[in-house]
Amino acid sequence: MTRILIAEDEARIANFVEKGLRSSGFTTTTVADGISAASLARDTDHDLLLLDLGLPGQDGLAALAEIRRRGERLPIIVLTARDSVQDRVTGLNGGANDYLTKPFSFEELLARIRVQLRDSGTTQETVLAAGEVTLDMLTRRAVVAGQQVELTAREYAVLEMFLRHPGQVLAREQLLSHVWGYDFDGGSNVVDVYVRYLRKKLGDHVIETVRGMGYRLEA
Ligand code: CA
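Predicted model only: the values in this text are computed from it and were never measured. (Residues numbered from 1 in each chain as written. Predicted model: local features only at pLDDT ≥ 70, side-chain atom pairs only at ≥ 80, totals over all residues. Heavy atoms only, no water.)

### So, the sheet that holds strand β4 (residues 76-80)
Phase 1: With parallel pairing, five strands are arranged side by side in an open sheet as β2-β1-β3-β4-β5. Looking at the sheet topology across the chains shown, the edges are occupied by β2 (27-31) and β5 (98-101). Averaged over neighbouring strand pairs, the angle between their axes works out to 20° when direction is ignored. (Pairing = 2+ DSSP bridges. Helix = DSSP H or I, 4+ residues; strand = E, 2+ residues; numbered from the N terminus. Axes fitted to C-alpha atoms, helices over the stretch in contact; angles between N-to-C directions.)

### A look at the coordination of the calcium ion
Phase 1: On the protein side, the calcium ion has D9 (OD), D52 (OD) and G54 (O) as donor atoms, found 2.1 to 2.4 Å from it.
Phase 2: Donor residues binding the calcium ion come from one chain and are separated in sequence as D-x42-D-x1-G. Pair noted here: D9 is in the loop between β1 (3-7) and α1 (11-23) and D52 is in strand β3 (residues 48-52), with a separation of 43 residues, a long-range link.
Phase 3: D52 gets classed as buried once you look at its relative accessible area, which sits at 3%. (Donors = N, O, S within 2.8 Å, 3.2 Å for Na, K, Ca; no water. Buried < 20%, exposed > 50% of the residue type's maximum accessible area, 1.4 Å probe, protein only.)

### Structural notes on the pattern of salt bridges
Where charged atoms of side chains with opposite charge meet at close range, the side chains can pair.
Phase 1: Enumeration according to the criterion identifies 17 salt bridges in this entry.
Phase 2: Here D47 and R3 are joined by a salt bridge, their closest N and O atoms 3.2 Å apart. Note that D47 is positioned in the loop between α2 (34-40) and β3 and R3 in strand β1, a separation of 44 residues in sequence.
Phase 3: With its nearest N and O atoms 3.7 Å apart, the salt bridge here joins E10 to R12.
Phase 4: Owing to a relative accessible area of 37%, E10 belongs among the partly exposed residues under this scheme.
Phase 5: Each of R42, E66, R70 and E72 takes part in a single network of salt bridges with overlapping partners. (Salt bridge = Lys/Arg side-chain N within 4 Å of Asp/Glu carboxyl O.)

### Remarks on the sheet that holds strand β12 (residues 214-217)
Phase 1: Pairing in this open sheet of three strands is antiparallel, and the strands run β10-β12-β11 from one edge to the other. This sheet does not close on itself; its edge strands, each paired only once, are β10 (169-170) and β11 (207-210).
Phase 2: Two strands pair when backbone bridges link them, and β10 and β12 are joined in this way by two bridges, in the antiparallel orientation. Within β12, the residue paired with V169 across the bridge is R216.
Phase 3: The strands that helix α6 (residues 153-164) touches are β10, β11 and β12; relative to β12, the one it contacts most, it runs at about 70°. (Contact = heavy atoms within 4.5 Å.)

### Comments concerning the nonpolar core
Phase 1: L159 and F162 are the most contacted members of the largest nonpolar core, which totals 31 residues.
Phase 2: Counting residues per element, the ones that place at least two in this core are β6 (127-130), β7 (133-136), β8 (141-144), α6, α7 (172-179), α8 (189-202) and β12.
Phase 3: Apart from the residues lying within four places of it in its own chain, the contact partners of F162 are L170, L175, V195, I207, Y215, R216 and L217. (Core = buried A, V, L, I, M, F, W, Y, C linked by side-chain atoms within 4.5 Å.)

So, in structure tokens, the structure goes:
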């Protein structure tokens, strides 16, 4: 299990990230202040840290400095609303590996996390499969009944969510917040549109409609 430490004091964002990472197969620990972030961010306990900069107690930059001073090498991705070039430079000079400006989509966060874990040599499962569908998370290609299928980034993210929960009914809202992010304000019918795209590529029977509830991937 890949263990991710989340340091974020805004409950809405912390929940969004935590839920998304758990449903993507990670183990998470969440803290809401900089002092806990610095003290829990140890290579022996966590594989990656998501660090908000605006944290109470000790801000993210101070926590970052302390973690690197102690010699911890885990990858750190800074999450912040501050998008000025100066903050970005300060964060990266302070030992962050990457930088994500709020608001961000879960899909983008996940992609950045995977890059860091790959670079740091942390192994993670690379193939998901259910029924006749297989998804290679490195090439981002699906194989259905022996046929290779090219997917767009969104289609990939939706299919990955289904493959993480084979046979379970996923509500539109779950798919929406996982794939499109907590700040997406389009209607939830975008989910229906993407399910339609996936059915066209994978076959109609692969994703079943559960009336009044959502969708289910055949197990
Ligand atoms: Ca904050």
